[in-house]
Amino acid sequence: MFTLDYRSRKPLYDQLCQSIERMAACGVLEPGSRLPSVRMLAEELAINPNTVQKAYRMLEHSGVIETVPGKGSFLCAGDRAKQLQKNRSRQALRAGIQAALDVGMTPAEIRQEGEADLQEKGAKRL
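None of the values given here were measured: they were computed from a predicted structure.

What counts and how
Residues numbered from 1 in each chain as written. Predicted model: local features only at pLDDT ≥ 70, side-chain atom pairs only at ≥ 80, totals over all residues. Heavy atoms only, no water. Helix = DSSP H or I, 4+ residues; strand = E, 2+ residues; numbered from the N terminus. Rg over C-alpha atoms; globule rule 2.2 N^0.38 Å. Buried < 20%, exposed > 50% of the residue type's maximum accessible area, 1.4 Å probe, protein only. Contact = heavy atoms within 4.5 Å. Lys, Arg positive; Asp, Glu negative; His and termini not counted. Charge placed at Lys NZ, Arg CZ, Asp CG, Glu CD. Patch = residues over 30% accessible without salt bridge, like charges linked within 9 Å, V, L, I, M, F, W, Y side chains within 5 Å. Areas by Shrake-Rupley, 256 points an atom, 1.4 Å probe, with all protein chains shown as cover. Salt bridge = Lys/Arg side-chain N within 4 Å of Asp/Glu carboxyl O. Pairing = 2+ DSSP bridges.

Undergrad: What is the right way to read the overall build of the protein chain from this model?
TA: Across its full length, the protein chain carries five helices and two strands. Helices and strands in the protein chain line up, N terminus first, as α-α-α-β-β-α-α. Its C-alpha atoms give the protein chain a radius of gyration of 18 Å, more than 25% over the compact-globule value 14 Å for 126 residues. Along the first, second and third principal axes, the C-alpha atoms of the protein chain reach 55 × 30 × 25 Å. Of all 126 residues assigned to the protein chain, the portion counted as buried reaches 30%. The long-range share in the protein chain, meaning contacts at least 24 apart out of those at least 6 apart in sequence, stands at 49%. Side chains of the protein chain carry 19 positive and 15 negative charges; the gap between the two charge centres is 4 Å.

Undergrad: Honestly, the side chain of S62 in this entry has me stumped. Any pointers?
TA: The residue S62 is located in the loop between α3 (49–61) and β1 (65–68) in this model. Here S62 falls in the buried class, since its relative accessible area comes to 19%. Those residues in contact with S62 that lie beyond four places of it in its chain are E21, R80 and L84.

Undergrad: Explain a nonpolar patch on the surface to me, please; I cannot follow it from the model alone.
TA: A grouping of L93, I97 and L101 is seen on the molecular surface, where their side chains present a nonpolar patch of about 260 Å² in accessible area. Secondary-structure assignment places I97 in helix α4 (residues 80–102).

Undergrad: Is there a simple way to explain the pairing of β1 in this structure?
TA: For a regular strand, the rule is simple: side chains alternate between the two faces of the sheet. Note: β1 against strand β2 (residues 72–75), four bridges, orientation antiparallel. Among the inter-strand pairings, E66 is bridged to a residue of β2, identified as F74. Connecting β1 to the antiparallel partner β2 that follows it, the hairpin turn spans three residues, and G70 within it adopts a positive phi of roughly 85 degrees.

Now the structure itself:
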């Protein structure tokens with residue numbers, strides 16, 4: 001269900017947070033759906049339960065999930081996960097544009113590359 005890259009330098013709890021956010025933003029996880037228990041998910045992913053607990057705490061703090069004592073953790077209603085994913089995408093896009101400018105690409109070249117990528121992905125022209 002959730003995917004982690006055990007070779008990545010990125011902490012597992014952060015990967016788990018992003019995986020849950022991505023699944024919620026894409027609609028794979030429905031608002032109000034119950035997440036696996038900390039122990040069950042830790043077993044499934046073969047990671048320490050404290051890692052899962054930290055990810056759940058971070059998701060709760062950011063408003064993506066809510067924990068009901070004695071019942072479990074549930075995906076919150078609303079589109080908080082989608083907002084977080086969009087913000088992350090904007091940051092990555094800005095970093096990519098800055099990197100392109102740093103190596104001497106012109107704004108016109110950057111736009112042209114962006115348009116070509118969007119067409120390749122089947123998106124509408126800007």
